[in-house]
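Understanding the architecture of this molecule
This is what each chain is made of:
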Number of protein chains: 2
Amino acid sequence: MAKIKDVAELAGVSAATVSRVLNNVPTVDADLAERVRDAANELGYRANGVARSLRRQRTDVWALIISDIGNPFFTSVARGVEDIAQREGFSVVLCNTDEDPAKEARYIDVAEREQVAGVVMSPNAFGSDISRLTAAGIPVVAIDRPLREPVDSVLVSSADGARLATEHLFEQGWTRPACVTGPARADTAEQRLAGYRDAFAALRRRPAKSLVRHTDYRAESAREAVASLLDSASPPDSFFLANSSLALGALQEFRRRGLLPGRDVGLVSFDDPPWAGFVNPPMSVVVQPTYEIGVQAGELLLKRIGHPLAGKDARTITLSTELIVRDSSLHKPRRTRAKAAQTA
Amino acid sequence: MAKIKDVAELAGVSAATVSRVLNNVPTVDADLAERVRDAANELGYRANGVARSLRRQRTDVWALIISDIGNPFFTSVARGVEDIAQREGFSVVLCNTDEDPAKEARYIDVAEREQVAGVVMSPNAFGSDISRLTAAGIPVVAIDRPLREPVDSVLVSSADGARLATEHLFEQGWTRPACVTGPARADTAEQRLAGYRDAFAALRRRPAKSLVRHTDYRAESAREAVASLLDSASPPDSFFLANSSLALGALQEFRRRGLLPGRDVGLVSFDDPPWAGFVNPPMSVVVQPTYEIGVQAGELLLKRIGHPLAGKDARTITLSTELIVRDSSLHKPRRTRAKAAQTA
DNA sequence: TTGTACGCGTTATCAC
DNA sequence: GTGATAACGCGTACAA
């Protein structure tokens with residue numbers, strides 16, 4: 001590996017000049033710069049990022065710590081963050097915690113050790129410990145879920161979306177919607193549950209506790225939850241699922257029992273994965289502005305990186321959701337279908 | 001940020017001793033070690049990874065460069081790689097190239113600058129330039145697609161899988177299967193096309209050129225390809241899609257035209273995304289051992305990292321695929337359905 | 001067993 | 001405008 005010294009010798013200048021040229025310092029003689037660039041090309045010289053970071057006491061990489069790489073929500077957010085980063089000359093490295101607090105802690109550790117320029121993260125829990133990061137002067141932006149510590153955040157009005165979804169279920173004629181949500185430690189899970197409850201409250205009702213299930217946001221857990229719900233003494237007639245992985249689990253259990261959404265049961269899910277329109281029947285969902293979340297988070301991070309202490313007060317951006325009605329939430333009892341078939 | 005010197009002063013020893021303790025060098029006095037650890041804890045000391053990397057001339061991070069983070073195939077592979085890395089004390093950072101050669105080049109650059117310990121990548125093209133990596137002594141393992149340069153690889157017998165899929169279509173009674181594959185520069189795309197052709201050859205036939213379409217592996221491109229195929233003079237009666245994103249695009253176009261797979265058209269896709277069993281109707285697929293691919297790649301990388309030059313000959317591991325027949329590939333013309341309904 | 005001293009490759013400060 | 005030099009924080013050969 002060619003080092004800066006090698007380039008300097010070949011160009012007949014000092015290492016300092018090489019450094020200046022490569023960092024586009026304007027006060028260098030044009031001819032010299034030319035010679036230096038030629039030499040660098042000839043040797044295939046690339047600056048050693050590690051040495052540079054040590055010297056500069058900063059890095060050009062962002063860490064994006066997310067809780068589930070398999071969730072389309074996060075992959076879309078990632079694209080948003082990455083686009084902003086690229087635009088500003090940063091690289092982003094993605095760290096997947098798989099909803100595991102231990103993994104999250106490890107990655108926070110890595111981010112600190114490697115002195116990343118900033119962190120965008122979807123905290124595993126409200127109490128996730130990011131003190132090491134802030135202590136190290138590394139700016140953090142929370143997405144998807146809030147953090148106890150005061151940091152910039154990009155959130156979504158989850159409760160509103162969940163209320164919309166549940167109200168829609170009622171409007172369709174379903175009377176006992178269940179709610180399968182995430183782990184209690186995840187704020188999104190609690191917000192979506194709250195919104196679900198709000199829809200009941202608007203009708204001066206209260207959902208029975210037996211209609212609510214917490215899970216770990218995994219499909220298999222949702223499948224089990226739906227199964228137990230269906231087998232309970234007074235089963236629900238419809239379901240609100242707090243994210244798309246859960247929806248997949250529910251779909252699985254419905255199929256197993258020969259239940260068709262939009263006919264035998266109602267179904268609305270949070271998030272609009274690419275496949276939502278193609279399952280049987282097309283799934284009604286609450287969409288979040290995923291890419292936009294990433295973009296906003298990137299912009300927020302950028303401002304903090306520029307002026308670490310400027311505007312000490314943390315800013316929170318809250319984006320809103322939208323209900324997309326497809327067929328899984330419709331209320332068309334079997335006999336209606338049969339009639340339709342006869343007349344057809 | 002506490003530095004090693006601070007710990008040394010607090011513990012009343014030299015920085016060298018602190019370093020030794022923290023790196024578990026066995027020849028340190030137990031009492032001293034104790035004191036050092038206490039001091040380190042008290043100060044919340046964390047070794048500066050950048051300085052450490054510069055000194056050691058190596059890092060504890062792997063770069064995983066993949067071509068599409070939205071593709072479940074890669075997220076599953078990523079989990080495999082990560083599990084091996086974690087086991088051995090490495091962190092893996094994920095770089096998404098989005099099938100963009102320029103992005104790939106940038107990430108290769110980053111990997112070199114940041115001196116990662118190793119790289120696992122799904123090359124954008126057979127000719128992707130990784131010379132900088134090998135020149136820098138950074139081991140590379142190719143996955144999914146081979147590379148012109150001789151490196152360890154974990155591949156899948158794509159052609160076999162594609163042939164299986166196409167033969168299955170023929171066996172079901174479809175007679176004019178089309179093939180929608182990826183970009184010509186991607187080996188997987190070519191292999192899958194080759195397997196498709198093999199199935200024709202076994203029947204002493206040859207697919208018309210008009211039955212084949214290349215795309216960029218994106219859903220929207222597949223939708224267009226399928227549309228143009230369907231609108232052609234002699235349209236196909238069934239489809240083999242080279243990956244799950246393409247399948248989504250095909251599904252979209254089918255729905256638009258009111259065509260039901262397994263009845264009006266035949267459909268088999270490569271890859272088994274989580275939603276494959278839940279679309280309408282459940283999709284027949286060729287599965288790859290995704291997680292295993294990641295694991296094998298991780299193991300291969302590990303061996304190279306241990307002994308950079310040992311076994312100069314590159315090793316290639318080829319895993320096999322499996323056909324899962326669900327309903328989208330079945331051949332049940334409309335009238336058959338109608339009859340079944342009558343007798344029911 | 002422990003401490004001293006140097007170097008990893010780069011950039012920033014200071015003279016010239 | 002350019003060059004010598006110090007320093008970033010750590011690990012390790014060498015000396016003690």
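What comes next concerns the included structure.

What counts, and where the lines are drawn
Residues numbered from 1 in each chain as written. Chains lettered and ligands numbered in written order. Predicted model: local features only at pLDDT ≥ 70, side-chain atom pairs only at ≥ 80, totals over all residues. Heavy atoms only, no water. Helix = DSSP H or I, 4+ residues; strand = E, 2+ residues; numbered from the N terminus. Phe/Tyr/Trp six-rings, centres within 6.5 Å; stacked < 30°, edge-to-face > 60°. Buried < 20%, exposed > 50% of the residue type's maximum accessible area, 1.4 Å probe, protein only. Near = heavy atom within 4 Å. Polar contact = N/O pair within 3.5 Å; in protein donor to acceptor, adjacent residues only side chain to side chain. Contact = heavy atoms within 4.5 Å. Expected span 1.5 Å × (residues − 1). Arc of directions from axis to C-beta. Axes fitted to C-alpha atoms, helices over the stretch in contact; angles between N-to-C directions. Parallel < 35°, antiparallel > 145°, perpendicular 65-115°, else oblique. Nonpolar A, V, L, I, M, F, W, Y, C, P; charged D, E, K, R; others polar. Least-squares fit on C-alpha atoms with pLDDT ≥ 70 in both. Buried area = accessible area lost by both parts, 1.4 Å probe. Salt bridge = Lys/Arg side-chain N within 4 Å of Asp/Glu carboxyl O.

As a further point, take unusual backbone geometry. Here the residue pair A:Asn280 and A:Pro281 is connected by a cis peptide bond, since its omega of -10° sits within 30 degrees of zero. Structurally, the position occupied by A:Pro281 is in the loop between strand E9 (266–270) and strand E10 (284–287). One non-glycine residue, B:Asp271, adopts positive backbone phi at about 80°. The residue B:Asp271 is located in the loop between strand E9 (266–270) and strand E10 (284–287) in this model.

Let us look at the packing of aromatic side chains. Ring pairs (aromatic) are described by centroid distance and by the angle formed between their planes. Counted according to the given criterion, the structure contains 12 aromatic pairs over all chains. Taking the centre distance of 4.8 Å and the plane angle of 80° together, the rings of B:Phe73 and B:Phe74 count as edge-to-face. Like B:Phe74, B:Phe73 is buried. Members of the aromatic cluster, connected to one another through ring pairs, are A:Phe170, A:Tyr196 and A:Phe200.

Moving on: the protein's contact with DNA strand D. Around DNA strand D sit 25 residues in total, of which A:Thr17, A:Arg20, B:Ile4, B:Tyr45 and B:Arg55 are the nearest. The protein-proximal atoms of DNA strand D, defined as those within 4 Å of the protein, are 66% sugar or phosphate. In this structure, a phosphate oxygen belonging to DNA strand D sits 2.4 Å away from a side-chain N or O atom of A:Thr17. The separation between a phosphate oxygen of DNA strand D and a polar main-chain atom of B:Ile4 is 2.6 Å. Mapped by element, the contributors of at least two residues to the surface near DNA strand D are helix H2 (15–22) and helix H4 (49–56) of chain A together with helix H2 (15–22) and helix H4 (49–56) of chain B. Top contributing element to the surface near DNA strand D by residue count: H4(B), with four residues.

It is worth spelling out the environment of A:Ile84 at this point. All names here are of chain A. Looking at the secondary structure, you find Ile84 in helix H5 (residues 72–87). With relative accessibility at 6%, the residue Ile84 sits in the buried group. Aside from chain neighbours lying at most four places away, what touches Ile84 is Trp62, Val295, Gly298, Glu299 and Leu302.

Another point: helix H3 (residues 30–43) of chain B. All names here are of chain B. End to end, H3 covers 20 Å across 14 residues, agreeing with the expected 20 Å (1.5 Å per residue, within 8%). Looking at H3, one finds that the buried residues are Ala33, Val36, Ala39 and Ala40. The buried side chains of H3 occupy one side of the element, clustering within an arc of 130° when seen end-on. Opposite the buried face of H3, at more than 90 degrees from it, the exposed residues are Ala30, Asp31, Asn41 and Glu42.

Let us look at the packing of H5(A) against helix H6 (residues 101–113) of chain B. At a closest axis distance of 14 Å, the pairing of H5(A) and H6(B) adopts a crossing angle of 70°. As summarised for this structure, H5(A) and H6(B) are arranged roughly perpendicular, according to the angle between their axes. Residue-level contacts link A:Glu82, A:Asp83 and A:Gln86 of H5(A) to B:Lys103, B:Arg106 and B:Tyr107 of H6(B). Each residue belonging to the contact of H5(A) with H6(B) can be placed in one class, and the counts come to one nonpolar, one polar and four charged.

Of the transformation superimposing chain B on chain A, the axial component is 0.0 Å and the angular component is 180°, with the fit at an RMSD of 0.1 Å. Both copies are brought into coincidence by an operation consistent with a two-fold rotation axis. When C-alpha positions in chain B are compared against the rotation axis, the closest is assigned to B:Val279, at 1.8 Å. Interface residue correspondence from chain B to chain A reaches 100%, placing this contact among same-surface, isologous pairings.

Close contacts around DNA strand C come from 26 residues, with A:Ile4, A:Tyr45, A:Arg55, B:Thr17 and B:Arg20 the closest. Restricting attention to atoms of DNA strand C within 4 Å of the protein, one finds that 71% of them are sugar or phosphate atoms. A distance of 3.2 Å separates a phosphate oxygen of DNA strand C from a polar atom in the side chain of A:Lys3. For DNA strand C, a phosphate oxygen lies 2.9 Å from a polar atom in the side chain of A:Ser19. For the surface near DNA strand C, the element with the most residues is H4(A), which contributes four residues.

Here we come to the interface of chain B and chain A. On the side of chain A, 48 residues touch chain B, which itself brings 47 residues to the contact. In total, chain B and chain A occlude about 4,500 Å² of area from one another, counting both sides; carbon and sulfur atoms represent 54% of this. For chain B, the biggest contributors to the area lost against chain A are B:Arg46, B:Val50 and B:Phe278; these three give 16% of the whole. The interface formed by chain B and chain A includes eight salt bridges. With a closest N to O distance of 3.2 Å, A:Asp68 and B:Arg79 form a salt bridge. Run the count over chain B and chain A and you get 21 residue pairs in polar contact (both at pLDDT 80 or more). For the side of chain B that touches chain A, the elements supplying multiple residues, two or more each, are H4, helix H5 (72–87), strand E2 (91–96), H6, helix H7 (131–135) and helix H11 (244–257) of chain B. Considering every element that reaches the side of chain B that touches chain A, the biggest residue donor is H6(B), with seven residues. Grouping the constituent residues of the side of chain B that touches chain A by class yields 20 nonpolar, 13 polar and 14 charged.

Now for the pattern of salt bridges. Inspection of the entire model under this criterion finds 46 salt bridges over all chains. A salt bridge links B:Glu299 to B:Arg87; the shortest N-O distance between them is 3.4 Å. In this pair, B:Glu299 is assigned in helix H12 (residues 290–306) and B:Arg87 in helix H5, connecting sequence segments 212 residues apart. Taken together, the shared-partner salt bridges connect A:Arg46, B:Asp109, B:Glu112, B:Arg113 and B:Arg132 into one network.

By themselves, these observations are geometric and do not establish any function.
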